[in-house]
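What follows is each chain in one-letter form.
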Amino acid sequence: MPGAVPTSDNRSDSTLPKRWYNFLGDLPGHLPEVRNEGNPSPAEIAAKVRPKAILEHDRPAAPWVPIPQPVQDWLRHVGRPTPLHRARRLEQRLGTGARIYLKREDVLPTGSFKLNSAIAQAYYAAEEGRRTLVTETGAGQWGMSVALAASMFGLDAEVFMVRCSLEQKPYRRHYMELLGAKVHPSPSPFTPVGRELLARVPDHPGSLGTAISDAIQYALGKESAAYLSGSGTPHVYLHQTLLGLEVRAQLEELGEDLGAPGRGDHLVACAGGGSNLCGLIGPYLRARTDGADLRFLAAESTAAPRLTAGVYRYGRSDVAGFTPEVMGYSMGMDYIPPAVHAAGLRNHHSSAIVSLLRHEGVLDAVAFGDPESFAAGRLLLQTEGILLAPESNHALAAALGVVAEADARRQRPVVVVLASGSGLLDLQSYHDVGRPA
Ligand SMILES: Cc1ncc(COP(=O)(O)O)c(C=O)c1O
């Protein structure tokens, strides 16, 4: 497989985008200035560990960025465009007048939307001559995607996985290792920052903040390594705009006029680092500004309720200070989110872009605990036969709330839910949460 670009694909679906959409020009205000203090500064660190083309994707010069042909080919090979599924049986069970659509990222081979950006980033790293991809992962979905994308382009992968998730979800580790990736728990005894955290809190469960710090420090010390982020940065959001672009084309094909007046249409996604959310809504920001009757709803975990209960302030996404300080809704730098099953939502600080959308009133937010979100997931399995990841269940629970409110107001909205991942490797979590106490 390494380096090869698949050629046997016979699908040529017109809804597969050939360009990513740079929605930065459509934001509702100016992003507050980024603080780059440190020695070396986060900007200097990024310049060293991140491939140049990926850094350029943080501020593209034009509104559209062409997707390189090999990336397009691999995206088609793994199953893009993914289906937009009308959840009619769920609608019937709810007795709702709403039309509920699921954007089915759970059908991708690594079980989540994370593959979209992993393929793009691995491509650019390989083009630049990097040999090892180093990254962090929460639930393991991003780690699996990086491991697969690395193998597509003949690269090695090393993944720092949040310790409590590694213990809860060992199968994701097995998948990564099958592809030849090395998986380390975070906090990690392999890095100075990990050792310091373990000295302070020996049974530290880890968080995305610790894993980012471990991964960056490790990448800095490794020759020809590229550090990749799975979320939280504008370049990942750019790559994920495939989601909104595909949804737009698919709804158009179905004759759905999203944002029609008086209906209260919604786009709903869960929010950890914000990439499935921004990928979905980014291409729709302009329509909303132009007056479409369209709401954007973020579903977070009560384990890290930044958008619903956090404070808008400067903070970083890692605990060691390798990433820049950005204005964002935050739980505080020392906050250790409880070890919920929705591991991909355990971020202590929201990204600048998600936070700006929230601050400017463009984004609504709601928080759910594991029990409510898993109950929503179970309902979907029983009605549609689709088993979603714990993170995606949060979006589903939020959508059920939207639908109930719309029914009470006798509205019949279109509600698009980003089904960000599959729950087939999370059955233990379903069992644990669903089991009577
Ligand atoms: C299945 C799934 N959905 C959603 C998320 C949240 O990530 P983001 O907020 O970047 O979309 C994750 C993160 O690990 C995930 O694995």
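Caption draft 1: Up close: the site of the ligand. Around the ligand there are 17 residues in total, and Ser231, Gly272, Ser275, Asn276 and Ser420 lie nearest to it. Here an oxygen atom of the ligand and a backbone polar atom of Gly273 are 3.0 Å apart. Relative to its free-state accessible area of 390 Å², the ligand is covered by the protein chains to the extent of 97%. In terms of residue class, the shell around the ligand is made up of five nonpolar, ten polar and two charged.

Caption draft 2: Just the sheet that holds strand β10 (residues 294–301), in detail. As summarised here, the arrangement of the six strands in space is β3-β4-β14-β9-β10-β13, forming an open sheet in which the pairing is mixed. Either end of the sheet is taken by a strand with one partner, and the two such strands are β3 (84–86) and β13 (363–368). Between one strand axis and the next, the sheet turns through 25° on average, direction left out of account. Against the sheet, helix α11 (residues 234–253) touches β3, β4 (99–104) and β14 (414–419), its axis set at about 135° to β4.

Caption draft 3: Examining the pattern of salt bridges more closely. In total, this model carries 16 salt bridges according to the counting rule given. A salt bridge links Glu177 to Arg173, with the shortest nitrogen-to-oxygen separation between them at 2.9 Å. Of the two residues, Glu177 and Arg173 both sit in helix α8 (residues 170–178), four residues apart, roughly one turn of that helix. Classification of Arg173 as partly exposed rests on a relative accessible area of 27%.

Caption draft 4: Highlighting the environment of Asp156. Its location among the elements puts Asp156 in strand β6 (residues 156–162). As a C-alpha pair, Asp156 and Pro189 span 33 residues in sequence and 21 Å in three-dimensional space. If near-sequence neighbours (up to four positions away) are discounted, Asp156 is found in contact with Arg131, Thr132, Leu133 and Ala150.

Caption draft 5: Just the packing of helix α9 (residues 192–200) against helix α10 (residues 208–220), in detail. The geometry of α9 relative to α10 is characterised by a closest axis approach of 8 Å and an angle of 145° between their N-to-C directions. The segment α9 lies against α10, with Pro192, Val193, Gly194 and Leu197 engaging Thr210, Ser213, Asp214 and Gln217. Split by residue class, the contact of α9 with α10 holds three nonpolar, four polar and one charged.

Caption draft 6: Representation of the pairing of β6 within the structure. Burial analysis of β6 places six of its seven residues in the buried class, the great majority of the element. Remark: the strand β5 (residues 132–137)/helix α6 (residues 141–152)/β6 crossover connection has right-handed handedness. Here β6 pairs with strand β7 (residues 182–186) via five bridges, running parallel. Note that in β7 the partner of Met161 across the bridge is Pro185.

Caption draft 7: Geometry of α10. If you check α10, its first and last C-alpha atoms are 18 Å apart, about what 13 residues at 1.5 Å a residue would give, namely 18 Å. In terms of burial, α10 is largely enclosed, as ten of its 13 residues are buried. Within α10 the residues assigned to the buried category are Leu208, Gly209, Thr210, Ala211, Ile212, Ser213, Asp214, Ala215, Ile216 and Ala219. For α10, the N-terminal cap is Ser207; the gap from its side-chain oxygen to the backbone nitrogen of Gly209 is 3.2 Å.

Caption draft 8: Just the side chain of Gln121, in detail. Turning to its location among the elements, Gln121 is positioned in helix α5 (residues 115–127). Residues contacting Gln121, with those up to four places away along its chain left out, are Ile54, Trp142, Leu228, Ser229, His235, Val236 and His239.

Caption draft 9: Inspection of the confidence of the model for the protein chain at higher detail. Across the protein chain, pLDDT averages 94, with 96% of residues at or above 70. Predicted confidence is poor over residues 6–12, with pLDDT under 50, and the contacts of this stretch with residues over four places away or in other chains come to ten contacts.

Caption draft 10: Broad picture of the sheet that holds β6. Spatially, the four strands line up as an open sheet ordered β7-β6-β5-β8, and their pairing is parallel. The sheet is open, and its two borders are formed by β7 and β8 (225–228), each paired with just one other strand. Going from strand to strand, the sheet's axes swing by 20° on average, the running direction of each strand aside. By the bridge criterion, four bridges tie β5 to β8 in an arrangement that is parallel. Directly across from Thr135, in β8, lies its bridge partner Leu228.

Rules behind the numbers
Residues numbered from 1 in each chain as written. Predicted model: local features only at pLDDT ≥ 70, side-chain atom pairs only at ≥ 80, totals over all residues. Heavy atoms only, no water. Near = heavy atom within 4 Å. Polar contact = N/O pair within 3.5 Å; in protein donor to acceptor, adjacent residues only side chain to side chain. Areas by Shrake-Rupley, 256 points an atom, 1.4 Å probe, with all protein chains shown as cover. Nonpolar A, V, L, I, M, F, W, Y, C, P; charged D, E, K, R; others polar. Pairing = 2+ DSSP bridges. Helix = DSSP H or I, 4+ residues; strand = E, 2+ residues; numbered from the N terminus. Axes fitted to C-alpha atoms, helices over the stretch in contact; angles between N-to-C directions. Contact = heavy atoms within 4.5 Å. Salt bridge = Lys/Arg side-chain N within 4 Å of Asp/Glu carboxyl O. Buried < 20%, exposed > 50% of the residue type's maximum accessible area, 1.4 Å probe, protein only. Right-handed = clockwise from strand over helix to strand, strands pointing away. Expected span 1.5 Å × (residues − 1). pLDDT = per-residue confidence, 0-100.

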